[in-house]
Amino acid sequence: SQQGEEDPQALSIQEGENATMNCSYKTSINNLQWYRQNSGRGLVHLILIRSNEREKHSGRLRVTLDTSKKSSSLLITASRAADTASYFCATTITGANSKLTFGKGITLSVRP
Amino acid sequence: DSGVTQTPKHLITATGQRVTLRCSPRSGDLSVYWYQQSLDQGLQFLIQYYNGEERAKGNILERFSAQQFPDLHSELNLSSLELGDSALYFCASSPQGGTYNEQFFGPGTRLTVL
């Protein structure tokens, strides 16, 4: 079963706009990671946030984590056409090993 | 380019057959993970190896097996293939096996079972 559930399932925005994607999960986690996947290709790691962190930045990416609500958000600022991809949140669960449990993903389309 | 390589890129085979997927982790990474991605199941963790030994098992069928060799490359063996085994199979690697490591994914092997 999926640990993470992303929302929305699909998002279409204009280039230059910000894109916000949300992820909710069910059990306590060690960390939460966001990955990007271009159509049919491998996953690319974007950012990792630990359970004791609340916010992290990496370039145009901003990730927040609210462990009380069991949710995370990924913000991509000033989006570009090249950001068009599927985005997945993945968690490692407290007490478990380092396997990643993925959500179903969000399809982001950035229109030029 | 993540530094993780997978071969072959595409594989087409028939039901009942057996195939082997190969993965070479990034230089220096000790941990290898296998994932299956399908439309109905999404991305599912199959199995993890760390420095040659099995570390964790996920939703891996008994018809599937894996191993990690002394040079740290890994193979995933799929046998008695069924139509439902058609999927993208990804290998990922990380320096250690800990929970705070990001995982670096290979480009995947697309398996089609006819």
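It should be noted that the structure appears before, not after, this text.
Since we're looking at a predicted model, the values are computed, not measured. Sequence order sets the numbering: in each chain, residues are counted from 1 along the sequence as written. Chains carry letters from A onward and ligands carry numbers from 1 onward, assigned in written order. Totals for whole chains, interfaces and linings use every residue, but because this is a predicted model, local features are given only for residues with pLDDT of at least 70 and side-chain atom pairs only at 80 or more, for both listing and counting. In computing side-chain values, all of the structure's heavy atoms are included and hydrogens and water are not.

Chemist: Can you help me understand the overall build of chain A in this one?
Modeler: Helix and strand definitions here come from DSSP, where helices need a minimum of 4 consecutive H or I residues and strands a minimum of 2 consecutive E residues; each element is numbered from the N-terminal end. When helices and strands are counted, chain A shows 0 helices and 11 strands. Each helix and strand of chain A, placed in order from N terminus to C terminus, yields the pattern β-β-β-β-β-β-β-β-β-β-β. Over its C-alpha trace chain A gives a radius of gyration of 13 Å, about what one expects of a compact globule, namely 13 Å for 112 residues. Overall size of chain A, expressed as C-alpha extent along the three principal axes, is 45 × 30 × 20 Å. Here chain A holds 112 residues, and 46% of them are scored as buried. Residue contacts are counted whenever heavy atoms from the two residues lie within 4.5 Å of one another. Taking the intrachain contacts of chain A between residues at least 6 apart in sequence as the baseline, contacts between residues at least 24 apart amount to 55%. For the accessible areas, the method is Shrake-Rupley and the probe is 1.4 Å, while residue cover comes only from the protein chains on display. Summing over all exposed atoms, chain A offers an accessible surface of approximately 5200 Å²; the carbon and sulfur share of this is 44%. We compute the radius of gyration from the C-alpha atoms alone; for a globule the expected value is 2.2 Å times N to the 0.38, where N is the number of residues. The classification of residues rests on relative accessible area computed with a 1.4 Å probe and restricted to protein chains. Under 20% of the type maximum is buried, over 50% is exposed, and intermediate values are partly exposed.

Chemist: Looking at this structure, I do not really get the sheet that holds strand 7 (residues 64-68) of chain B. What am I missing?
Modeler: Backbone hydrogen bonds hold the strands of a sheet together, and the pairing may be parallel or antiparallel. Residues and elements named next belong to chain B. Note on pairing: two strands pair once DSSP finds at least 2 bridges between them. Here 4 strands make up an open sheet; going across it, the order is 1-3-8-7 and the pairing antiparallel. Since the sheet does not close on itself, it has two edges, and those belong to strand 1 (5-7) and strand 7, each with one partner. Averaged over all pairs of adjacent strands, the angle between their axes in this sheet comes to 15 degrees, without regard to strand direction. With 5 bridges joining them, strand 3 (residues 19-24) and strand 8 (residues 74-78) adopt antiparallel strand pairing. When the bridges of strand 8 are listed, Val19 appears paired with Leu78. For helices, the fitted axis covers only the stretch in contact; all axes are lines through C-alpha atoms, and the angles between them, taken along N-to-C directions, range from 0 to 180 degrees.

Chemist: Hey, could you run me through the interface of chain B and chain A in this one?
Modeler: Many descriptions give the size of an interface as the accessible area lost when the pieces come together. Each side of the interface is counted separately: chain B has 23 residues, and chain A has 21 residues. Buried area between chain B and chain A, summed over both chains or domains, comes out near 1800 Å², and the portion from carbon and sulfur atoms is 54%. Any Lys or Arg side-chain nitrogen found within 4 Å of a carboxyl oxygen on Asp or Glu counts as a salt bridge. In this assembly, chain B and chain A are joined by 0 salt bridges. Only strand 4 (31-38), strand 5 (42-50) and strand 9 (87-94) of chain B provide two or more residues apiece to the side of chain B that touches chain A. Throughout, the accessible surface (probe 1.4 Å) given up by two parts as they are put together, summed over both, is called the buried area.

Chemist: What should I look at first to understand the pairing of strand 7 (residues 61-66) of chain A in this one?
Modeler: If a strand is regular, its side chains alternate between the two faces of the sheet. Residue and element names in this part refer to chain A. Of the strand pairs in this sheet, strand 6 (residues 55-58) and strand 7 are connected by 4 bridges, and their pairing is antiparallel. In the strand pairing of strand 7, His57 is matched with Arg62. Hairpin connection from strand 6 to strand 7: 2 residues lie between these consecutive antiparallel strands, with Gly59 at a positive phi of about 60 degrees. In this structure, strand 7 lies alongside strand 8 (residues 71-76), joined through 6 bridges in antiparallel fashion. Pairing of Leu65 across the sheet is with Ser72, part of strand 8.

Chemist: How should I be thinking about the sheet that holds strand 6 of chain A in this particular structure?
Modeler: All names here are of chain A. Strand order in the open sheet made by the 5 strands is 1-3-8-7-6, with antiparallel pairing throughout. With one partner strand each, in any of the chains shown, strand 1 (4-7) and strand 6 form the two edges of the open sheet. The mean inter-strand angle of the sheet, taken between neighbouring strand axes irrespective of direction, is 15 degrees. Across 4 bridges, strand 1 lies against strand 3 (residues 19-25) in antiparallel orientation. Counted as the bridge partner of Glu5 is Ser24 from strand 3.

Chemist: Before we go on, may I ask you to explain the side chain of Asn30 of chain A in this structure?
Modeler: All names here are of chain A. Looking at the element boundaries, Asn30 is found in strand 4 (residues 29-37). Taking the relative accessible area as the measure of exposure, Asn30 reaches 14% and is therefore buried. Among the polar contacts listed, one links the side chain of Asn30 to the backbone oxygen of Ile93, at a separation of 3.3 Å. Pairing of N or O atoms within 3.5 Å defines a polar contact, subject to two protein rules: one partner must be a possible hydrogen donor and the other a possible acceptor, and residues neighboring in sequence count only if both atoms are side-chain atoms.

Chemist: Just to check I follow, could you spell out the nonpolar core for this structure?
Modeler: For soluble globular proteins, the rule of thumb is that nonpolar side chains tend to be buried together. Met21, Leu32, Trp34, Leu74, Ile76, Tyr87 and Leu108 of chain A are the most contacted members of the largest nonpolar core, which has 23 residues in total. Of all the secondary-structure elements, those providing two or more residues to this core are strand 2 (10-14), strand 3, strand 4, strand 5 (43-50), strand 7, strand 8, strand 9 (85-93) and strand 11 (106-111) of chain A. Residue contributions to this core peak at 4 residues, all from strand 3 of chain A. Think of a nonpolar core as a cluster: buried Ala, Val, Leu, Ile, Met, Phe, Trp, Tyr and Cys residues, connected wherever their side-chain atoms sit within 4.5 Å. Counting 21 residues, the second-largest nonpolar core is a separate cluster that includes Trp34, Ile47, Leu76 and Phe104 of chain B.

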